[in-house]
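Residue-level structure breakdown
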Amino acid sequence: MTPDPDNHTPSLAQASRALRAGALSSVELTRHCLGRIAALDPGLNAFVTLTAEHALAAAHKADEELRGGRRRGPLHGIPLGLKDIIDMAGVPTTGQSCQLLDHVPTRNATAVERLEQAGAVLMGKLTTHEFAFGTPRWGPPGPPARNPWHAAHFAGGSSSGAAVAVASGMLLGALGSDSAGSVRSPAALCGVAGFKPTRARIDLHGSLPLAPSLDCLGPLARNVEDCALLYRALARPDEAFWSADDPPWGEIKGLKIGVVRSFLDERSGTSAPTRAAIEDAISTFEALGCQVRDVSLPAPWEWNAAGMVILLSEAYAYHEHWLRSRPQQYGVQLREALLLGATLSAADYCRAQEHRRALSGNLDTLLENVDLLLCPIQAGEAPTLEQLAPWGFLQKPSYGIAFNLSDNPALSVCCGFGPQGLPLALQLVGRRNDEITPLRAGHAYEQACEWHRRRPSL
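The following paragraphs examine the structure supplied in this document. As the structure is a computational prediction, the values presented were derived from the model and not from experiment.

Some thoughts on the overall build of the protein chain
When you go through the protein chain residue by residue, the secondary structure sums to 15 helices and eleven strands. Taking the principal axes of the C-alpha coordinates as reference, the protein chain spans close to 60 × 60 × 45 Å. Burial status across the protein chain gives 61% buried among its 458 residues. Expressed as a percentage of contacts within the protein chain between residues at least 6 apart in sequence, the contacts between residues at least 24 apart total 78%.

Shown next as structure tokens:
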């Protein structure tokens, strides 16, 4: 198996099997990815820092180990990337901010240690929004990532570089962060899979915080199978849910799925094409033998109100010292959002946390009677970059922040394409600490459809 520069990059699972069989070398695969980066990234801006020499050295080492019979697992020899808020020793972690242009960590984040122990080939740091919040920043240290389905369009939330790199075949997977949907939303708008597990499953040590009580790390990959392989390697060592090469696939007949209509109806802002695509997905799950019924949850605005008070308060607390000492180092949009956090009182924060507990309790009760929830993750197709509003996070509700507040695992899966030819997506939400069920259902859905097999015409 030789990757063809004029063709598409293999999936992580396909490449892993080929590496294990000796039909592909990690050096071949890494050079293929470097070739795509050289050809495509000048127009897509997925990378902040490319670590080509480090990657090739890791690929040579992986090939030597694989030839010697030492296989570390399914990620051994696989090219991956890191959102630029996650520390990799000797490589700048800028958070896409002038505040940290000279910040070079000396130690790996715990999650990076896990990837290196698994034999992954780390290709560098990926574009984010400034400190993983708000809208893309146009000034230094770099331009925003662009959607590979149409470069004039938005690539999603702050893990945008990760989603773009995977969707365009520059990488086989990536690690992002999710505080209000920032793994799932870029995955949705770029047509790949993105998974936010329960917070404690992937160690956050060595990643820049946004809102510590909401923050989570999660993988992005071409499909759900690839996400599961990444997640399995990243999860804490005591979270051994399945053997490394044997994800928990199988029949999902009898699975109980609740459709969250308050997230799906027109009043929530969901577009007609998204609603139609999700109705088609519901029919697919029913054909697979699932028991699907409507369920009731508070509307997205309810969750967004509590979530934004908590996020802005916690973000301000982290950034207060820089806002006082060198506010000019921030982009205007992030600085103004952080200063909004300064206007919130302790009483505001406490009330938001009380509302969070009530909403989460409602969700826990609901999940006693169904195995999964199904709802949108984005309102529709990606808007153009010009259409983005500086205060958009307050003007429109997030479909993702609900499950950061409740700390439930949530998976974004492509479920169709809209009238502009851009991806549409749904999210599957499981019970807290039950990562297997959403992954199993998402994989079964993908196997019944063809959406995840489409590639952007680059």
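Topic: the nonpolar core
Grouped together as the largest cluster of nonpolar side chains are 136 residues, with contacts concentrated most on Phe47, Leu80, Met123, Met170, Phe285, Leu373 and Phe403. At ten residues, helix 10 (residues 300–325) tops the list of elements feeding residues into this core. Leaving out residues up to four positions away in the same chain, Met123 has contacts with Thr30, Cys33, Leu34, Ile37, Phe47, Thr49, Leu50, Thr51, Ala55, Pro79, Leu80 and Leu171. Counting residues in hydrophobic clusters, the runner-up holds eight residues, among them Ala382, Leu385, Cys414 and Leu422.

Concerning the sheet that holds strand 3 (residues 121–126)
With respect to topology, eleven strands assemble into an open sheet ordered 1-3-2-4-6-5-10-11-9-7-8, the strand pairing being mixed. Because the sheet does not close on itself, it has two edges, and the strands there are strand 1 (47–50) and strand 8 (291–295). Put simply, the sheet's adjacent strands are angled 25 degrees from each other on average, direction ignored. Alignment of strand 5 (residues 193–196) against strand 6 (residues 217–221), held across two bridges, turns out to be antiparallel. Each bridged residue has a counterpart across the sheet, and for Gly194 the counterpart in strand 6 is Leu220. Sitting on the sheet, helix 2 (residues 26–44) is in contact with strand 1, strand 2 (79–83) and strand 3, with an inclination near 20 degrees to strand 3.

As for the pairing of strand 3
The two faces of a sheet get side chains in turn, since along a regular strand they alternate between them. Along strand 3, six of the six residues are buried, which leaves the element largely enclosed by surrounding structure. Tracing the backbone out of strand 2, into helix 4 (residues 110–117) and back to the parallel element strand 3 gives a crossover that is right-handed.

What about unusual backbone geometry?
Of note in this structure, Asn45 is not a glycine but carries a positive phi near 60 degrees. Turning to its location among the elements, Asn45 is positioned in the loop between helix 2 and strand 1. Judged by its relative accessible area of 16%, Asn45 falls in the buried class. The phi torsion at Phe131 lies on the positive side, around 50 degrees, for a residue other than glycine.

Focus on the side chain of Ser182
Assignment of secondary structure puts Ser182 in the loop between strand 4 (173–177) and helix 6 (184–190). Among the polar contacts made by the side chain of Ser182, one reaches the side chain of Ser158 at a distance of 3.2 Å. Among residues more than four places away in sequence, those in contact with Ser182 are Lys83, Ser158, Ser159 and Ser177.

Thoughts on helix 11 (residues 332–342)
For helix 11, every residue scored as buried is listed here: Leu334, Ala337, Leu338 and Gly341. Down the axis of helix 11, the smallest arc covering the buried residues is 95 degrees, so these residues share one side. Those residues of helix 11 that are buried are in contact with helix 10 and helix 13 (392–395).

Rules behind the numbers
- Residues numbered from 1 in each chain as written.
- Predicted model: local features only at pLDDT ≥ 70, side-chain atom pairs only at ≥ 80, totals over all residues.
- Heavy atoms only, no water.
- Helix = DSSP H or I, 4+ residues; strand = E, 2+ residues; numbered from the N terminus.
- Buried < 20%, exposed > 50% of the residue type's maximum accessible area, 1.4 Å probe, protein only.
- Contact = heavy atoms within 4.5 Å.
- Core = buried A, V, L, I, M, F, W, Y, C linked by side-chain atoms within 4.5 Å.
- Pairing = 2+ DSSP bridges.
- Axes fitted to C-alpha atoms, helices over the stretch in contact; angles between N-to-C directions.
- Right-handed = clockwise from strand over helix to strand, strands pointing away.
- Polar contact = N/O pair within 3.5 Å; in protein donor to acceptor, adjacent residues only side chain to side chain.
- Arc of directions from axis to C-beta.

Everything listed is a geometric property; what it means functionally is a separate question.
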